[in-house]
Amino acid sequence: MSADLIEAAVAAMSKAYAPYSNFSVGAAVRGASGKVYAGCNVENASYPEGCCAETSALSAMVMAGEARVTEVAVAGAGDKLVTPCGGCRQRLREFAADDVAIHICGPQGLRKTVTLGELLPLSFGPDNLDQE
Ligand code: THU
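Within every chain, residues take consecutive numbers counted from 1 along the sequence as written. With the structure being a predicted model, the display of local features is reserved for residues of pLDDT at least 70 and the display and counting of side-chain atom pairs for 80 or more, all residues being used for whole-chain, interface and lining totals. For the side-chain quantities, the full set of heavy atoms in the structure was used; hydrogens and water were omitted.

**Focus on the packing of aromatic side chains**
The following threshold applies: Pairing of aromatic rings covers Phe, Tyr and Trp, the last counted by its six-membered ring, and requires centre-to-centre distances within 6.5 Å; plane angles under 30 degrees mean stacked, over 60 mean edge-to-face, and any other angle means tilted. In DSSP terms, a helix is any run of H or I states spanning at least four residues, a strand is any run of E spanning at least two, and both are numbered starting from the N terminus. Three exposure classes are used, based on accessible area relative to the maximum for each residue type with a 1.4 Å probe and protein chains only: buried under 20%, partly exposed in between, and exposed over 50%.
Evaluation of the coordinates by the stated rule reveals 1 aromatic pair. With 5.5 Å between their ring centres and 45° between their planes, Y20 and Y47 make a pair best called tilted. Of this pair, Y20 sits in the loop between α1 (3–13) and β1 (25–31) while Y47 sits in the loop between β2 (36–40) and α2 (53–63), and the two are 27 residues apart along the sequence. In this structure Y47 comes out as exposed when scored by relative accessible area, which is 61%.

**What to know about the site of the ligand**
Selection criterion: Each residue is tested against the molecule or strand, and it is near if at least one of its non-hydrogen atoms lies within 4 Å. N or O atoms closer than or at 3.5 Å make up a polar contact, with two conditions inside protein: a donor-capable atom paired with an acceptor-capable one, and, for residues adjacent in sequence, both atoms drawn from side chains. Amino acid classes used here: Ala, Val, Leu, Ile, Met, Phe, Trp, Tyr, Cys and Pro are nonpolar; Asp, Glu, Lys and Arg are charged; the rest, including Gly, are polar.
Surrounding the ligand, one finds S21, F23, V25, N41, E43, C52, A53, E54, T83, P84 and C85. Between an oxygen atom of the ligand and a side-chain N or O atom of N41, the distance comes to 3.0 Å. Residue classes in the shell around the ligand are distributed as 6 nonpolar, 3 polar and 2 charged.

**Remarks on the pairing of strand β5 (residues 109–115)**
Counted only if it meets this: Between any two strands, pairing holds if DSSP finds at least two bridges.
The sheet contact formed by strand β4 (residues 101–106) and β5 spans 6 bridges and is antiparallel. Bridged to G106 within β5 is G109. Where β4 hands over to β5, the hairpin turn is made up of 2 residues, counted between the paired strands.

**A closer look at the pairing of strand β3 (residues 69–76)**
To keep things clear, this is the line we draw: Clockwise travel from the first strand over the helix to the second, with the strands pointing away from the viewer, marks a crossover as right-handed.
The element β3 is largely enclosed, with a buried count of 7 among its 8 residues. As paired strands, β1 and β3 are joined by 7 bridges and run antiparallel to one another. Opposite V29, over in β3, you have V72 as the bridge partner. One ladder, built from 5 bridges, connects β3 with β4; its direction is parallel. Paired with A73 across the two strands is H103, which belongs to β4. Once the chain exits β3 it traverses helix α3 (residues 86–93) before rejoining the sheet at β4, and the crossover so formed is right-handed.

**Thoughts on the packing of α2 against α3**
We count it as follows: Orientation is described by lines fitted to C-alpha atoms, with helices fitted over the stretch in contact, and by angles between N-to-C directions that extend from 0 to 180 degrees. For this classification, under 35 degrees means roughly parallel, over 145 means roughly antiparallel, 65 to 115 means roughly perpendicular, and everything else is oblique. A clockwise turn of the near helix away from the far one marks a right-handed crossing, whereas an anticlockwise turn of less than a right angle marks a left-handed crossing. Only heavy atoms matter for contacts: two residues are in contact if any of them lie within 4.5 Å across the pair.
Interaxial distance between α2 and α3 falls to 9 Å at its minimum, and their mutual angle equals 20°. Relative to α3, α2 is oriented roughly parallel. Relative to α3, the crossing made by α2 is left-handed. On α3, the residues that touch E54, T55 and L58 of α2 are C88, R91 and L92. Here the contact of α2 with α3 is composed, by residue class, of 3 nonpolar, 1 polar and 2 charged.

Here is the structure:
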């Protein structure tokens, strides 16, 4: 069921533009329609202007007219698990509920699955602004 999402995240790694860190990351999000949107990290000579793979994937989803995420996959190499950075946890929170699965992958596929709530407990989200 998650195989297509994981495959998309791993494939997106090879599209990364990461000449400064040489650390390629791919990400894929599944929209409520079931469609998969992928993204890669895009770095910049002005370092802070670079953008994470998760952010690219979310942009592709929004551009396609969707605003709910039901599943996420992130792929990167190395011994350590490549989990979404703090900023991307918050960006995912905008579109995903606490129980949404985040599949952490290496180049060979799935390594560990966690939920967004585990990565970003007691989060601040759109519902916080829904006050009369
Ligand atoms: N990176 C991501 O794309 N996603 C993450 O969740 C962690 C970090 C990228 C940003 C930068 O281009 C490179 O990995 C090294 O930090």
